[in-house]
Amino acid sequence: QTIHAFCEQLLQRFPLEAQVPPGFEVLDDEKAAALRREAIDDVLTIATRDRASPIGKALLTAIAYAAEDGFDDKLRQALGQRDWIEAAARLDESAIDPFAVAEDLLRRTFGVRGGASRAAIEIDVAGLLSDADLAMLKAGLSTGSTNDLKMAEAVASTIMAATPSRRCQALGALLLTKDGEPKASRTLATNAVQVAHPYVLPTLLRAQERFVTLDAELRALDLVTATLALLRLADAVLGGYTAAKARRAGLDFEDLVVRTASLLRTSGATEWVLYKLDGGLDHILVDESQDTS
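Calculation notes
- Counting restarts for each chain: residues are numbered from 1 in the order of the written sequence.
- Where local features are concerned, this predicted model is filtered to residues with pLDDT of at least 70; where side-chain atom pairs are given and counted, the filter is 80 or more; whole-chain, interface and lining totals use all residues.
- The basis for the side-chain values is all heavy atoms of the structure; hydrogens and waters are excluded.
- Think of it this way: any DSSP run of H or I at least four residues long counts as a helix, any run of E at least two long counts as a strand, and we number them from the N terminus.
- Burial classes follow relative accessibility: with a 1.4 Å probe on protein chains only, a residue under 20% of its type's maximum area counts as buried, one over 50% as exposed, and anything between as partly exposed.
- As used in this structure description, the phrase polar contact means that two N or O atoms lie within 3.5 Å; if the pair is within protein, one of them must be able to donate a hydrogen and the other to accept it, and residues adjacent in sequence are counted only when both atoms belong to side chains.
- Contacts are assigned to residue pairs with any non-hydrogen atoms lying within 4.5 Å of each other.
- In this analysis the probe radius is 1.4 Å and the grid spacing 1 Å, with only protein atoms considered; a cavity is a set of points the probe fits into but cannot get out of, a pocket is an open set with protein on both sides within 12 Å along at least five of seven lines, and lining residues have an atom within 4 Å of a point.
- Grid points are joined across faces, edges and corners, and a volume is the space filled by probe spheres set on the points.
- Each residue is assigned to one class: nonpolar for Ala, Val, Leu, Ile, Met, Phe, Trp, Tyr, Cys and Pro, charged for Asp, Glu, Lys and Arg, and polar for all the others, Gly among them.
- When a carboxyl oxygen of Asp or Glu is within 4 Å of a side-chain nitrogen of Lys or Arg, the pair counts as a salt bridge.

> Can you walk me through the side chain of threonine 158 in this structure?
Assignment of secondary structure puts threonine 158 in helix 10 (residues 146-160). Given the relative accessible area of 0%, threonine 158 is considered buried. Within polar-contact distance, the side chain of threonine 158 engages the backbone oxygen of alanine 154 at 2.9 Å. With residues up to four places along the chain from it excluded, the contact list for threonine 158 reads Leu134, Arg167, Ala170, Leu171 and Leu174.

Structure follows, in structure tokens:
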């Protein structure tokens, strides 16, 4: 027997102990894929119809972060992490938002302050250099070489930025290279400017150091936001998929393995099931490529 055939036979023999429907139907890959597709379509329809709902907001967020037509691929990958999604949703089953604890863990893991929004971080970035600082930098850099003049133009663009978001972009162009790396000191200001205007380079370096930290937090927040949106969508799809399987008393191949493992490892009937199996099994030959770690 294959692993799945063994699991099916065991669950059919002990359905009550395994908490599966007696006489359940095994869903092959084609049937399971069809049910998942229906669940996905249902969730997307609901999310599109009510964009102010949590699932509607999650869809808008996920699509915004998906590269080109990569949304379907990302959602499919997320659905393949069923154990992880279910565990994240169970971190605090009493919470109004089932993923609130997951968000807190993700924020701490990636170094994002609790409760900090993108708008709040952008305001912090925008305040790194005051208008007075920028005016002095522009005046000093304007006396230098061609490179200094380019920096002065970047400072002028920063002064003209009307919103915190645009000022963040302008500061990024001022302090970072096109590859997103911190500009070298000689690029920020030439030696001539450093000698004539000694405040220029220290001011830029202080702003650059803080900008790199805040920019990393912004990127991490984007990652957390996109991950949570995908988690919510995938959880909703898995909920619909599970309900569809229950309506037809069906188990997919993953269910067979998961339910059997639970039956033999953690259920209250484990000792009884093992006792009943003891006289009927001589050995098990694993003939499939399986992770047995």
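> Is there a simple way to explain the layout of surface pockets in this structure?
Left-over empty space is what a probe sized like a water molecule reveals as it rolls over the atoms. Of the voids in this model, the second largest pocket is the one considered here, and its volume is about 500 Å³. If you go around the second largest pocket, you meet 21 residues; those closest to its centre are Arg82, Glu86, Asp255, Val258 and Arg259. Among the elements that take part in the lining of the second largest pocket, helix 15 (residues 253-265) stands out by supplying six residues, more than any other. The class makeup of the residues in the lining of the second largest pocket is seven nonpolar, five polar and nine charged.

> Sorry if this is basic, but what is going on with the environment of alanine 67 here?
Note on placement: alanine 67 falls in the loop between helix 4 (54-65) and helix 5 (71-79). Sequence separation of alanine 67 and glycine 144 is 77 residues, and the distance between their C-alpha atoms is 41 Å.

> Is there a simple way to think about the pattern of salt bridges in this case?
Opposite charge on two side chains allows them to pair when their charged atoms are near. The full count for this structure, using the stated rule, is 18 salt bridges. The partner of aspartate 73 in a salt bridge is arginine 76, and the shortest N-O contact between them spans 2.8 Å. With aspartate 73 and arginine 76 both in helix 5 and three residues apart, the pair spans about one turn of that helix. On the accessibility criterion, aspartate 73 (29% relative accessible area) is partly exposed. Between arginine 219 and aspartate 215 there is a salt bridge; the shortest N-O distance is 2.9 Å. Here aspartate 215 and arginine 219 lie together in helix 14 (residues 200-247), a separation of four residues that amounts to about one turn. Of the residues examined, arginine 219 reaches a relative accessible area of 54% and is grouped as exposed. Here the salt bridges share partners, and the residues they tie into one network are Arg82, Lys245, Asp252, Glu254 and Asp255.

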